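Residue strings, one per chain:
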Amino acid sequence: MDDSSFGESVEGNCMKAIILAAGKGVRMGRYTETLPKGMLPFRGKPLLEHQINILRESGIDEINIVTGYHKEAITFDHIKYYHNPDFAVTNMLESLMCAREAFDADLLISYADLVYTRDLVTQLIQENGPIAVAVDSAWRQYWTRRFGSAEEDLETLTIENHQIIELGKEVTSSGGIDYRYIGIMKFSKDVWPVVYDLYQHKQEKNEAWKQSGKDFRNGYMTDLLNELIQEGVPIVPSITEKQWLEFDTAADYEMNITNLENGTLSEYFEGKL
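Here the structure is a predicted model, which is why all the values come from computation and not from measurement. (Residues numbered from 1 in each chain as written. Predicted model: local features only at pLDDT ≥ 70, side-chain atom pairs only at ≥ 80, totals over all residues. Heavy atoms only, no water.)

Caption draft 1: Representation of empty space enclosed by the protein within the structure. Within this structure, the stated rule accounts for 1 cavity of 30 Å³ or more. In this structure, the largest cavity spans a volume of roughly 50 Å³. If you trace the largest cavity, you find it lined by Asp 136, Ala 138, Gln 141, Tyr 142, Lys 242, Trp 244 and Tyr 268. Grouping the constituent residues of the lining of the largest cavity by class yields 4 nonpolar, 1 polar and 2 charged. (1 Å grid on protein atoms, 1.4 Å probe; cavity = no way out; pocket = protein on both sides within 12 Å on 5 of 7 lines; lining within 4 Å. Points joined across faces, edges and corners; volume = space filled by probe spheres on them. Nonpolar A, V, L, I, M, F, W, Y, C, P; charged D, E, K, R; others polar.)

In structure tokens, the structure reads:
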């Protein structure tokens, strides 16, 4: 299968966005006792509001949010909401499928615990191909600030000839890992039937995901992407650096707030907040 199997996005086609905000964020500790982590404040606004503003500035007007944990806390205007009632026992893919009514257009999908720039979104939108995935080429510098080392929280991502050929395998060494998966990606309208067929096939068999070994209802987005690659779907990287922040743990949250206040956030994030 190659790019010719899918139509290119038509200029002027209305792109939508889905933000996956169902999880509790257990690694955030006390910060998410009463709030989903997408609602944690950062520079005076919830993380989700930062994303909504950037998406709208990028020309994406229809924004969908998949809620779960403390859904009542997420109440932005002019947003379409979906809910994952099984958020406590499922993962990203099940949350995404809760919003399958929106699979009728080109879609930008992102995790709720990110802050990213308009430049990142613009570049991602402009990438050709059925699926484009934002990746960070300066991740080692960022990881060293986050963890004190580039040898923590590692997973593979391999690019050849401007295509991602494999991603998402947990490893214990950073050797050969030149890029980092971020958690924001673009799916063209024409690739959704292929995505959904793969999902339904695995659902019917209750088949575990090959890359992570997770059971069907707990698959990661990288599991889906990796199996689409194996099915021959081209996935292109949108390579960036210093254009995103992740708030995965309490330590991330505290570090980003501290570095924002002391003026050192720009050492690993070049966006405007």
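Caption draft 2: Geometry of helix H4 (residues 139-147). Looking only at H4, the buried set comprises Trp 139, Tyr 142, Trp 143 and Arg 146. In a view along the axis of H4, the buried residues occupy a sector of 100°, so they form one face of it. For H4, the secondary structure elements touched by its buried residues are strand E8 (131-136), strand E9 (154-160), strand E11 (180-187), strand E13 (244-246) and helix H7 (250-262). Backbone geometry just downstream of H4 places Gly 148 in the positive-phi region, at approximately 80°. (Buried < 20%, exposed > 50% of the residue type's maximum accessible area, 1.4 Å probe, protein only. Helix = DSSP H or I, 4+ residues; strand = E, 2+ residues; numbered from the N terminus. Arc of directions from axis to C-beta. Contact = heavy atoms within 4.5 Å.)

Caption draft 3: Fine view of the nonpolar core. Core analysis: the biggest nonpolar cluster contains 84 residues, and Ile 18 and Phe 187 have the highest contact counts within it. If near-sequence neighbours (up to four positions away) are discounted, Phe 187 is found in contact with Ala 105, Asp 106, Leu 107, Ile 109, Pro 130, Ile 131, Trp 192, Val 195, Met 221, Leu 225 and Leu 228. (Core = buried A, V, L, I, M, F, W, Y, C linked by side-chain atoms within 4.5 Å.)

Caption draft 4: Inspection of the environment of Phe 187 at higher detail. Note that Phe 187 resides in strand E11. Sequence-wise, Phe 187 and Trp 209 are 22 residues apart; in three dimensions their C-alpha atoms are separated by 20 Å.

Caption draft 5: Structural view of unusual backbone geometry. At His 70, a residue that is not glycine, the phi angle is positive and equals roughly 45°. Examined against the element boundaries, His 70 turns out to sit in the loop between strand E4 (62-67) and strand E5 (80-83). With a phi close to 60°, His 78 is a non-glycine residue in the positive phi region. Take His 78: it is sitting in the loop between E4 and E5. On the basis of relative accessible area, His 78 is assigned to the exposed category, the value being 71%.

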